Amino acid sequence: MEAKAPAPPPLCPTGLSEDPPRAAQDEGIRAFERQEYTQAQAFFGDLAHRYPGSAAARVWLGDSVLFDKGREDRAAAEAARPIYAEAARLHQAGCKLQRRPRYYLLMGQAYAALRLAKLQSGYEPTELDQADQALTAAAAEFPTSAEVPYNQARVACARVQQGAPGGLGPCLTSFERALVLAQSLDRPRFLRTHRSTQDWIVRSRNQSEFGPLRSDPAYRTLIDRTLAGEPG
């Protein structure tokens, strides 16, 4: 009777994403930070090939594609999505991401879905659902990030434009939470960009999803109260 071949060793025996040493990633990270996205894509694409158990390399690759200014927004989101999906698959299969790349993965998935949700007229409900799913996970794992409820507010307001029940309540609540968290000193240290309360307010004045919110007097009241430093 022919002996069975031994089972291959698990991809990530420690249960953690098997990433290259940080020094081996620095060149790609620096390229990403300089917005040299083509270079970053080549670098992290090579790392992902050489480190099949590295979910983090795939997160960086996905981000390099998603934020590539040389690509149209929807095309970039469509190209980044399967890369994020592979990172998520590895994370769930026992190659667990550390907190920093895990946050980037969830937010990348949310941003990709929000881009794809936006149609010439209205929003695609299934894409809003995907964004909401990633943001709900992010809110549970990273409750001090203002970026998360701000984007939850985008989802909620987009749903208002699609006629979802519940009115502006969920959108306003999430936006208010984003402003409260932005004022706090307790926030994830690995945020790529720290936005102040004023930054989030300025962004909200032009965010396409926030059209219904801006037309509601409660929005103006919340902004005035926040800028005045009054308690919620």
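Notes on the structure in this doc start here.

Cut-off values and rules
- Residues numbered from 1 in each chain as written.
- Predicted model: local features only at pLDDT ≥ 70, side-chain atom pairs only at ≥ 80, totals over all residues.
- Heavy atoms only, no water.
- Phe/Tyr/Trp six-rings, centres within 6.5 Å; stacked < 30°, edge-to-face > 60°.
- Helix = DSSP H or I, 4+ residues; strand = E, 2+ residues; numbered from the N terminus.
- 1 Å grid on protein atoms, 1.4 Å probe; cavity = no way out; pocket = protein on both sides within 12 Å on 5 of 7 lines; lining within 4 Å.
- Points joined across faces, edges and corners; volume = space filled by probe spheres on them.
- Disulfide = S-S within 2.5 Å.
- Buried < 20%, exposed > 50% of the residue type's maximum accessible area, 1.4 Å probe, protein only.

### Brief notes about the packing of aromatic side chains
- Within this structure, the stated rule accounts for 16 aromatic pairs.
- Where Phe32 meets Tyr37, the ring centres are 5.5 Å apart and the plane angle is 80°; that geometry is what we call edge-to-face.
- Between Phe32 and Trp60, the aromatic rings sit 5.4 Å apart at their centres with planes inclined by 80°, giving edge-to-face as the arrangement. With Phe32 in helix 1 (residues 22–33) and Trp60 in helix 3 (residues 55–66), the pair connects residues that are 28 residues apart, well separated along the chain.

### Brief notes about the layout of surface pockets
- Estimates place the volume of the largest pocket at around 970 Å³.
- If you trace the largest pocket, you find 36 residues lining it, with Phe67, Tyr111, Glu147, Arg195 and Arg203 closest to the centre.
- Counting only elements with at least two residues in the lining of the largest pocket, the list comes to helix 1, helix 3, helix 4 (73–92), helix 5 (99–117), helix 7 (147–161), helix 8 (169–183) and helix 9 (197–204).
- With 7 residues, helix 5 is the single largest residue contributor to the lining of the largest pocket.
- As for the second largest pocket, its lining consists of 13 residues, and the residues nearest its centre are Ala88, Gln109, Gln130, Gln133 and Ala134.
- Of all the secondary-structure elements, those providing two or more residues to the lining of the second largest pocket are helix 4, helix 5 and helix 6 (125–141).
- Tallying contributions element by element places helix 4 first for the lining of the second largest pocket, with 5 residues.

### Looking at the state of the cysteines
- Across all of its chains, the model carries 2 disulfides by this definition.
- Between Cys12 and Cys95 runs a disulfide, and the two sulfur atoms are separated by 1.9 Å. Since a negative S-S torsion denotes a left-handed disulfide, the Cys12-Cys95 link at about 95° is right-handed. Residue Cys12 is found in the segment before helix 1, and its partner Cys95 is found in the loop between helix 4 and helix 5; the two are separated by 83 residues along the sequence.
- Classification of Cys12 by relative accessible area gives buried; the value is 8%.
- The class of Cys95 is buried, set by a relative accessible area of 2%.
- Across the disulfide, Cys157 is cross-linked to Cys171 (sulfur-sulfur distance 2.1 Å). Here Cys157 and Cys171 share a disulfide; its torsion about the S-S bond, -85°, makes the bridge left-handed. Within this pair, whereas Cys157 is found in helix 7, its partner Cys171 is found in helix 8, the two being separated by 14 residues in sequence. By the burial criterion, Cys157 is buried, and Cys171 matches it.
- The connectivity of the disulfide bonds within the chain can be written as 1-2, 3-4, using the sequence rank of each bonded cysteine.

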